[in-house]
Amino acid sequence: MSGKPKLTYFNGRGCMESIRWLLAAAGVEFEEEFLETREQYQKLIKDGALLFDQVPLVEIDGMKMVQTRAILRYIAAKYNLYGKDLKERALIDMYVEGTADLMGMIIPFPFTPLKERNLALIIERATTRYFPVYEKVLKQHGQEFLVGNRFSWADVQLLEAILIVEEKEPTVLSKFPVLQAFKARISNIPTIKKFLQPGSQRKPPPDDQYVATVIEVFKKD
């Protein structure tokens with residue numbers, strides 16, 4: 001074992017992508033094992049690796065961690081991306097939960113039947129419910145980062161959310177100049193810049209092959 005965190009998930013974004021983002025932002029190298037067959041998934045369950053029979057699975061510091069939010073909080077705390085005190089952590093949690101709600105509308109999108117996909121609703125929510133909040137927060141305190149004037153998990157996840165919404169609607173930030181500046185600024189942090197380069201462990205938008213693999217692995221016998 002190399003000592004690097006090991007991530008077990010599909011070769012795609014899903015619930016693991018925010019974990020990849022956070023580890024990359026912290027400058028932490030990690031290994032990945034991709035689920036490709038139902039047999040792999042069943043073996044993880046049989047071996048007791050999945051506490052609730054669910055992935056993502058992250059092996060770190062001798063633990064086999066499941067549940068996306070628990071994993072993210074652990075990584076954020078371990079690598080000093082979780083604020084300096086309880087109040088800052090509460091703010092980070094609120095901002096992260098907001099972006100998670102937005103991304104929660106996008107992650108299931110490729111698995112939704114074409115006739116039921118509502119991209120307009122996603123863009124409407126992004127531009128009227130979520131992005132205005134972050135625009136206002138950054139504008140009011142005039143600092144470079146969302147919380148405590150230091151780089152945190154909240155900044156990482158907001159950038160991730162901005163970029164995945166922009167994949168659906170490239171002009172989504174046209175009315176948010178402060179967020180445009182935030183995006184440029186955070187994208188140029190060395191660890192983030194590296195993660196955004198071709199060849200990194202960042203995953204592309206889900207394609208038909210990814211969707212088919214997930215469905216095959218999770219299918220019921």
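Residues numbered from 1 in each chain as written. Predicted model: local features only at pLDDT ≥ 70, side-chain atom pairs only at ≥ 80, totals over all residues. Heavy atoms only, no water.

An unreviewed UniProt entry lists the protein under the name glutathione transferase, with Chelonoidis abingdonii as the source organism. Within the UniProt record for the protein, the comment given under Sequence similarities (unreviewed entry) is "Belongs to the GST superfamily. Alpha family." (UniProt positions renumbered as here; feature names shortened; annotations may be inferred.)

Participant: Explain the layout of surface pockets to me, please; I cannot follow it from the model alone.
Facilitator: Gaps left between atoms are located by rolling a probe of water-molecule size over the structure's atoms. Size it by volume and the largest pocket reaches roughly 450 Å³. Lining the largest pocket are 25 residues, and of these Gly 14, Met 103, Ile 107, Glu 160 and Ile 164 lie nearest its centre. Those elements that place two or more of their residues in the lining of the largest pocket are α1 (17-25), α3 (68-78), α4 (86-106) and α6 (153-168). Taken together, the residues of the lining of the largest pocket break down into 14 nonpolar, 5 polar and 6 charged. Of the volumes computed, that of the second largest pocket is approximately 240 Å³. Per-element accounting of the lining of the second largest pocket gives the leading share, 3 residues, to helix α8 (residues 190-195). (1 Å grid on protein atoms, 1.4 Å probe; cavity = no way out; pocket = protein on both sides within 12 Å on 5 of 7 lines; lining within 4 Å. Points joined across faces, edges and corners; volume = space filled by probe spheres on them. Helix = DSSP H or I, 4+ residues; strand = E, 2+ residues; numbered from the N terminus. Nonpolar A, V, L, I, M, F, W, Y, C, P; charged D, E, K, R; others polar.)

Participant: What is the right way to read the pairing of strand β2 (residues 31-34) from this model?
Facilitator: Every other side chain in a regular strand lies on the same face of the sheet, so the side chains alternate between the two faces. One ladder, built from 4 bridges, connects strand β1 (residues 6-9) with β2; its direction is parallel. By the bridge assignment, Leu 7 is partnered in β2 with Glu 32. Each parallel crossover has a hand, and for β1 linked through α1 to β2 it is right-handed. (Pairing = 2+ DSSP bridges. Right-handed = clockwise from strand over helix to strand, strands pointing away.)

Participant: Could you clarify how one ought to interpret the sheet that holds strand β3 (residues 57-60) in this entry?
Facilitator: The pairing of strands in a sheet happens through backbone hydrogen bonds and is either parallel or antiparallel. Spatial ordering of the open sheet is given by β2-β1-β3-β4, a layout of 4 strands whose pairing is mixed. Of all the strands in the sheet, just β2 and β4 (63-66) have a single pairing partner and so form its edges. When strand polarity is set aside, the average angle formed by the axes of neighbouring strands in this sheet is 20°. Relative to β4, β3 is paired through 4 bridges, and the arrangement is antiparallel. Across the sheet, residue Val 58 finds its bridge partner in β4, namely Met 65. Running over the sheet, α1 touches β1, β2 and β3 and is turned about 160° from β1. (Axes fitted to C-alpha atoms, helices over the stretch in contact; angles between N-to-C directions. Contact = heavy atoms within 4.5 Å.)

Participant: Explain the nonpolar core here, please?
Facilitator: In globular proteins that are soluble, nonpolar side chains generally tend to be buried together. Grouped together as the largest cluster of nonpolar side chains are 71 residues, with contacts concentrated most on Ile 19, Phe 131, Leu 146, Phe 151 and Leu 179. Residue contributions to this core peak at 10 residues, all from α6. Excluding residues that lie within four positions of it along the chain, Phe 151 makes contacts with Ala 25, Asn 80, Leu 81, Phe 145, Val 156, Ile 186, Ile 189 and Ile 192. (Core = buried A, V, L, I, M, F, W, Y, C linked by side-chain atoms within 4.5 Å. Buried < 20%, exposed > 50% of the residue type's maximum accessible area, 1.4 Å probe, protein only.)

Participant: Please clarify how the environment of Tyr 130 should be interpreted in this entry.
Facilitator: Within the secondary structure, Tyr 130 sits in helix α5 (residues 119-141). C-alpha of Tyr 130 to C-alpha of Tyr 95: the two residues are 35 residues apart in sequence and 9.3 Å apart in space. In contact with Tyr 130, not counting residues within four places along its chain, are Gly 98, Asp 101, Leu 102 and Arg 125.

Participant: Where do I start with the side chain of Glu 160 in this structure?
Facilitator: The residue Glu 160 is located in helix α6 in this model. Of the side chains with opposite charge, Arg 13 lies nearest to the buried Glu 160, which makes no salt bridge, at 6.8 Å. A polar contact of 2.7 Å, which involves the side chain of Glu 160, links it to the side chain of Ser 18. (Lys, Arg positive; Asp, Glu negative; His and termini not counted. Salt bridge = Lys/Arg side-chain N within 4 Å of Asp/Glu carboxyl O. Polar contact = N/O pair within 3.5 Å; in protein donor to acceptor, adjacent residues only side chain to side chain.)

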